[in-house]
Amino acid sequence: MNDINRSPPEVLITGPDVTPAWRRSLTTRRVLVVIAVLLAFALLAWLLTPKGGTKAPGGRFAGGGPMPVVTATVQSGDMPITLIGLGAVTPLATVTVQSQISGQIMHISFKEGQTVKASDPLILIDPRPYQVALEQAEGALARDKALLANARIDLDRYQTLWSQDSIAEQQLATQKSLVAQDEGNVKTDQGQIDAAKLNLVYCHIVSPIGGRVGLQVVNVGNYVTPNEPNGLVVITQMQPITVVFTLPEDQIPPLLVQVHAGKTLTAAAWDRANTHQLASGTLQSVDSQIDPTTGTIKLKALFANTDEGLFPQQFVNVVLLLDTVHGATLVSQAAIQRGAPGTYVYVVNSADQTVSVRKVTLGPGDPTNVSITQGLKPGEIVVVDGADKLKDGAKVLLRKPGAPASGAAPAAKSSPSQGSSPSQGSSPSQGTQRQGGHRHTPPSNQGSG
């Protein structure tokens, strides 16, 4: 019975595939999409892969041909030793003209910004009240002189009578006192006359110094008094004029050496951009102490300023010439390189157009040129542009300054401050400007010439 109740065993039926056609088509499409994506990635990777033999291997010293560079010839010349400081133009005299009397302004004789000389008329104050005071003082003087003359005549009489014992001595003494009193009145009247005349002089205000007149403060008709808050006019002396400037305290020793030797140091004033020289003068004085808050010392230079190129309170750069090195070996600042060996240049060998590293010792310099005390001689050729892609023994291709590089390797970028050839003169710049060219380290196996 148990066998009867058991379920019949399952029979595996095999036959033709009964999967729907749409499902088989979808599977085929997915396979094709995956294959297409893989092919696209493979193509993109092939396109981005650098092709061998089409480009020289990269790197700092890459290139299959000579490196285009700009060169300059080492020259012999004079190198000035200068100190540079920031200063302000300070006039020798600035006068605020005040009235010494009270009165109404009748006439103004100057124009704003006019250059005047000492004793030139500026302002006229109404003189009539002081003329009247003068006449009154003169009248009082005439009266007191008459009284004095009469008192003296009486004194002579009293002296005669006293000698004859006709009057008392007391009466003679009283007359002498009266004469002295009248003499005092006459002196007082004379003083009042002098004061009235002086006030008349004060009515005519003149320039106490020569210089430039400032803006007009008062007008005709204004009533002025002594000690006006803003004065009547400001006059500033323009010729000569001084510049007060500062130098760091570590530059004082070489400066004092020249000062104690009695040398007259030349000072040049340049505009703020260091592109135009405004005036030339001499060092006048050195301050007696260092400012502890800034670590600087003040100096004063005197300028004739005949063309009035310097204006009061103008900020200028002062270049103080300490000494001049004659016959120095000069090279452009752009040629100087700094690295592990120290300070060096790339010297061009004319025979095979290759460069070699030459260690040099720097001397005094300016923003354009620097003197070389050891390592170079006048006439040698050094690289001033393109040195950052050179190595010892590299081939170079000389090109003119500003010309596009045409070679197997790109030319080095030139700095705006680098030139193609050293020049003897240059305009000064701030003392903080760095001297030298690019900073890079040459190979360690290079030697110095």
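From a predicted model like this one, the values you see are computed outputs, not experimental measurements. (Residues numbered from 1 in each chain as written. Predicted model: local features only at pLDDT ≥ 70, side-chain atom pairs only at ≥ 80, totals over all residues. Heavy atoms only, no water.)

## Focus: the confidence of the model for the protein chain
Caution is warranted with low-pLDDT regions, since their predicted coordinates should not be read in detail.
Thinking step 1. Averaged over all residues, the pLDDT of the protein chain equals 82, while 80% of them reach at least 70.
Thinking step 2. Below pLDDT 50 for its whole length, residues 9-15 participates in 0 contacts with residues either more than four positions away or in separate chains.
Thinking step 3. Low pLDDT, under 50, characterises residues 405-449; the predicted model gives this stretch 114 contacts beyond four residues in sequence or across chains. (pLDDT = per-residue confidence, 0-100. Contact = heavy atoms within 4.5 Å.)

## Things to note about unusual backbone geometry
Thinking step 1. Each neighbour pair has its own omega, and for Gln-239 with Pro-240 the value is -10°, a cis peptide bond.
Thinking step 2. Inspection of the secondary structure puts Pro-240 in the loop between β10 (233-236) and β11 (241-248).
Thinking step 3. Positive phi values are uncommon outside glycine, yet Ser-119 reaches one of about 75°.
Thinking step 4. In this structure, Ser-119 sits in the loop between β5 (115-116) and β6 (121-125).
Thinking step 5. Ser-119 sits in the exposed class, given a relative accessible area of 55%.
Thinking step 6. Positive phi values are uncommon outside glycine, yet Asp-165 reaches one of about 60°.
Thinking step 7. Here Asp-165 falls in the exposed class, since its relative accessible area comes to 67%. (Helix = DSSP H or I, 4+ residues; strand = E, 2+ residues; numbered from the N terminus. Buried < 20%, exposed > 50% of the residue type's maximum accessible area, 1.4 Å probe, protein only.)

## Regarding the nonpolar core
Thinking step 1. Phe-110, Leu-122, Ile-123, Ile-125 and Ile-235 are the most contacted members of the largest nonpolar core, which totals 31 residues.
Thinking step 2. Every element with two or more residues in this core is listed here: β4 (103-108), β6, α3 (128-163), α4 (169-202) and β10.
Thinking step 3. Top contributing element to this core by residue count: α3, with 7 residues.
Thinking step 4. Non-local contacts of Leu-122, meaning those with residues more than four positions away in its chain, are made with Val-97, His-107, Ile-108, Ser-109, Phe-110, Val-116, Ile-205, Val-206, Ser-207, Val-233 and Ile-235.
Thinking step 5. Formed by 23 residues, the second largest nonpolar core is a distinct cluster that contains Val-243, Phe-245, Ile-297 and Leu-299. (Core = buried A, V, L, I, M, F, W, Y, C linked by side-chain atoms within 4.5 Å.)

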